[in-house]
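# Observations on chain architecture
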Amino acid sequence: MTIFIRDKASINKLQNLFQEFLEMSGLKVNIDKTKILLIGKNMDNIGEFQFGSVVTEVKILGITFSLDIKRREEFNYKEILSKIKRLLGWWKQRDLTIMGKIHLLKTYALSKLNYVSSSSEVPKWLFAEIQKICFDFIWKGKDRIKRLIMYQDYKDGGLRMVNFELFVKTQRVMWVKRLLYGEQHMSWKLYFDEIFSSVGGRSIFLCNYETNKLSLKAPLFYVEMLKAWQDLYNCRNFEEGKINPIIFNNRDFLLKGKMAFNADIYRRNVYHLEQLFDKESIRPVTHFHSLGLTSLNIVYIWNLCDSILKSGKYDGTSCNWYEVDIKNYENIFLTFFGQIITLRDVQSRKIYAHFVSVLQNSYCLEIRDGHQKFDFQVKDMKDIFVRPRISTLIGELREFQYKLLHGAVYTKEQLLKFGFVGDNLCSFCNKNSETYSHLFWNCTKIGPLWQDIIDYFQLEELTNVEWQDIHVGIEGASHRIKLCNTVIFITKFMIYKARSQLVTLSLAELKKIFITYREEEKNIAIKRNKTGLHLLKWELLNST
C-alpha cells in the first residue's frame, strides 16, 4: 500500500480507519509493504508511524513520485533518454534514409516517452533535449532543412517528423476530453473539481480564460491541460461576430485588471450574459434578488457589468453568442481544416495536425535551385512535394529529390562557400559554375546523355522540357508520367553520384541501373501488394 500524508490529522484519521478495519474484518495492514510519502509542509517532526515506513519517493504504475523535482525528472525522463541515446547510437551505424530514420524515431525511440508523458508533467528542458537528440540522429551534424518544415505533412514540404512538444500538447487536449465526458464521478475528476474550485472546476474549459491570469495553485499537469486548451482558442471561436457568454474567467471582462470569478454567485447558477443584461441595460435589482443573490453579490455583479460594457466586446444590442452547456459540456464545437467537429468526437491526429499546421506561419516555403526562386501556386507546390512519393517506391530516390527541392544537396557552388573545395567549377566540364541547373541539365557532358535517354526509351513527354521540369518533375499522375519522373529522379541521382566519383555516365551504364531499380521497386511492390501498378508503370522499360 502507498499512502500520501499531508498533515498530522491525516495520520490520526488513518490510524483510526485501520483500527476499525481490523476490528470489523480481522485483517490488518502489512507494515513491511506499506510506504508513506509525506507531501505536506512542516512534516519533519511528525514522529514515528505504526503502519509503514516513510520514503522520499515511490513508484506507481511505472511513474516515480517525489517531492524532489530533480529526482522525479531523473527517474521519469533521464533514464528513458539514456535508453533512447543508446538505441540511436546502435542505429547510427546503419545506412538509413532520412525517411527510415524518422520511422525508427517514431516507432522505437519517442514511443518510449508516450506513457510517462501522458501521465505526468513534462519539464521544458526535455523538449529541447529531444529535438537535439532526434535531429543529430537524422543529420549527423548541422540541420540542412528547417525543423519547422520537416514536421509538416508530405504535401507541405515535410516528412512528418514528430514534434514531441506538440505531441504532448495533443495529449493534454485529449485529457480535457476525458475529463469532460464519460463517468463524471471518478475520483480524479472530483479531485480536479476540488483543485479548481476557485475558478469553477471543470467549467473552466468553457470559459474564455487566459492561463497566465488565473489565480490558482494546481499541479503542473493540469496547468499544461489549461494551456493546451487555450491554444485551441481560434479553433473554438471560429464564427465571426460570436462571443463567449460566460462572464467568469473571461479575459475580455476584467475586474481591476484580473479575470473575475465569484464562487457564491456561480453556485447559484448565475454565469451567463443573458442573466445580467436585458439588451443594453443591466437587469434590475429585483431580478438578481429572484436569482437568490445577496446584496454583496449584486454589488459585485454591477461592477462586473460596468466592466463588460466598457470592454467593447458586448454592446447590448446583439445576442450573438456561442451556446454553452455547463452541466453536460455538449455543443463544444471545434473547426479543423474547414471541418466542424465536436470535442466528444474529435480524434487526436486532427488536433496534432492543427498544431503542426500553425507552425507554417513561422516560415515561407519555397522551391529553389540555389539561384532562382520558382513561382509556383500553393496547389502546384503541394503536387511537387508529393510527386516523388507517387512516382517511385525507392526510399533513396525520394530522399534525394526531397533534398533537391529544399536545396539540401550540396554542389561545388555551396561547398566553396563552406571552404571545402578550392573552386566552384563543374566536376564534369570544369568550365562553368557547378549549380543545380548546370550540373543536372546544361553541362555539355550531361546534355547529350539526357537526349540519349529520351530517344532510347521514346519518352516524348521529355522532348521539350526545360530545366524547371527536370528540377521538380513533370506534372501528371498517369503511369507514363510516373515512369518519366522516375527516370528523371534516377538520372539526377546517378549524375550526382558520378560527380562525387569524378566519372562520366553513359547510356549503357544507366540502362543497367534502370533495370536494377526496376527490380528493387518490384520487390517493394510485391511486399505492398502493388504489383499491378508496378507492371503498368514499367511496361515501357520491360519492352526495351
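Let me begin by describing the structure that accompanies this report. Treat the numbers as computed from the prediction; the structure is a model and nothing was measured.

## As for the overall build of the protein chain
- Scanning the protein chain from terminus to terminus reveals 25 helices and 11 strands.
- Computed over C-alpha atoms, the radius of gyration of the protein chain comes to 32 Å, more than 25% over the 24 Å expected from 2.2 N^0.38 for 544 residues, which places it beyond the range of a compact globule.
- Expressed along its principal axes, the backbone C-alpha trace of the protein chain runs to roughly 90 × 70 × 50 Å.
- Considering the protein chain as a whole, with its 544 residues, one finds that 46% of them fall into the buried category.
- A separation of at least 24 residues holds for 64% of the contacts in the protein chain among residues at least 6 apart in sequence.
- Summed over its atoms, the accessible surface of the protein chain is roughly 29,200 Å², and 51% of this surface lies on carbon and sulfur atoms.
- Between the averaged position of the 78 positive side-chain charges in the protein chain and that of its 60 negative side-chain charges there is a distance of 4 Å.

## Some remarks on unusual backbone geometry
- At Asn269, a position not held by glycine, the phi torsion is positive, near 65 degrees.
- Looking at the secondary structure, you find Asn269 in the loop between α11 (263–267) and α12 (273–276).
- Its identity as a non-glycine residue notwithstanding, Gln458 has a phi of 55 degrees, on the positive side.

## Overview of the packing of aromatic side chains
- Counted according to the given criterion, the structure contains 24 aromatic pairs.
- Between the aromatic rings of Phe127 and Phe164, the centroid separation amounts to 5.9 Å while the plane-to-plane angle is 50 degrees, which identifies the pairing as tilted. Here Phe127 is found in helix α5 (residues 124–139), whereas its partner Phe164 is found in helix α7 (residues 164–180), with 37 residues between them in sequence. Across this residue pair, the class does not change: Phe127 and Phe164 are buried.
- Ring centres of Trp175 and Trp188 lie 5.4 Å apart, and the angle between their planes is 85 degrees; this geometry places the pair in the edge-to-face category. Of the two residues, Trp175 is situated in helix α7 and Trp188 in helix α8 (residues 187–195); the sequence distance between them amounts to 13 residues.
- Under the relative-accessibility criterion, Trp188 is labelled partly exposed at 24%.
- In this structure an aromatic cluster arises from ring pairing among Trp175, Trp188, Tyr191, Phe192, Phe196, Phe205, Phe221, Tyr222 and Trp229.
- The cationic tip of Lys101 hangs over the ring face of Phe137; the distance from NZ or CZ to the ring centre is 5.8 Å.
- Stacked on the ring of Tyr154, the Lys or Arg Arg389 has its end atom at 3.7 Å from the ring centre.

## Focus on the nonpolar core
- Counting residues in hydrophobic clusters, the biggest one holds 100 residues, and the most contacted among them are Met150, Phe205 and Trp229.
- One finds Met381, Leu462, Leu483 and Leu505 within the second-largest nonpolar core, a separate group that totals 51 residues.

## What to know about the sheet that holds strand β3 (residues 53–55)
- Read from one edge to the other, the open sheet built from three strands follows the order β1-β2-β3, with strand pairing classed as parallel. Pairing within the sheet leaves two strands with one partner each, and these edge strands are β1 (2–5) and β3. Going from strand to strand, the sheet's axes swing by 35 degrees on average, the running direction of each strand aside.
- For strand β2 (residues 35–38) and β3, the ladder comprises three bridges, and the chain directions are parallel.

## As for the packing of helix α20 (residues 447–457) against helix α23 (residues 507–527)
- At their nearest, the axes of α20 and α23 sit 10 Å apart, and the two run at 55 degrees to each other. The pairing of α20 with α23 is recorded here as oblique in orientation. Like other packed secondary-structure pairs, α20 and α23 cross with a definite hand, here right-handed. Touching Leu449, Asp452, Ile453, Tyr456 and Phe457 of α20 are Leu507, Leu510, Lys511 and Phe514, all from α23.

## Some thoughts on the pairing of strand β11 (residues 339–342)
- Sheet analysis places strand β10 (residues 333–336) next to β11, joined by four bridges and oriented antiparallel. In the strand pairing of β11, Thr335 is matched with Ile340.
- Taken together, β10 and the strand that follows it, β11, pair antiparallel across an intervening segment of two residues, in which Phe337 is found at a positive phi of about 55 degrees.

## What about the side chain of Lys482?
- Note on placement: Lys482 falls in helix α22 (residues 479–501).
- Look at Lys482: it is buried, it has no salt bridge, and the nearest opposite charge is Glu521 at 9.6 Å.
- Those residues in contact with Lys482 that lie beyond four places of it in its chain are Ile390, Ser391, Ala477 and Lys537.

## Thoughts on helix α15 (residues 348–358)
- Along α15, the positions that sit buried rather than exposed are Ile351, Tyr352, His354, Phe355, Val356 and Ser357.
- Its buried side turned inward, α15 meets α7, α9 (220–230), α10 (233–236) and β10.

What counts and how
Residues numbered from 1 in each chain as written. Predicted model: local features only at pLDDT ≥ 70, side-chain atom pairs only at ≥ 80, totals over all residues. Heavy atoms only, no water. Helix = DSSP H or I, 4+ residues; strand = E, 2+ residues; numbered from the N terminus. Rg over C-alpha atoms; globule rule 2.2 N^0.38 Å. Buried < 20%, exposed > 50% of the residue type's maximum accessible area, 1.4 Å probe, protein only. Contact = heavy atoms within 4.5 Å. Areas by Shrake-Rupley, 256 points an atom, 1.4 Å probe, with all protein chains shown as cover. Lys, Arg positive; Asp, Glu negative; His and termini not counted. Charge placed at Lys NZ, Arg CZ, Asp CG, Glu CD. Phe/Tyr/Trp six-rings, centres within 6.5 Å; stacked < 30°, edge-to-face > 60°. Lys NZ or Arg CZ within 6 Å of the ring centre and 35° of its normal. Core = buried A, V, L, I, M, F, W, Y, C linked by side-chain atoms within 4.5 Å. Pairing = 2+ DSSP bridges. Axes fitted to C-alpha atoms, helices over the stretch in contact; angles between N-to-C directions. Parallel < 35°, antiparallel > 145°, perpendicular 65-115°, else oblique. Left-handed = near helix turned anticlockwise from the far one by under 90°. Salt bridge = Lys/Arg side-chain N within 4 Å of Asp/Glu carboxyl O.

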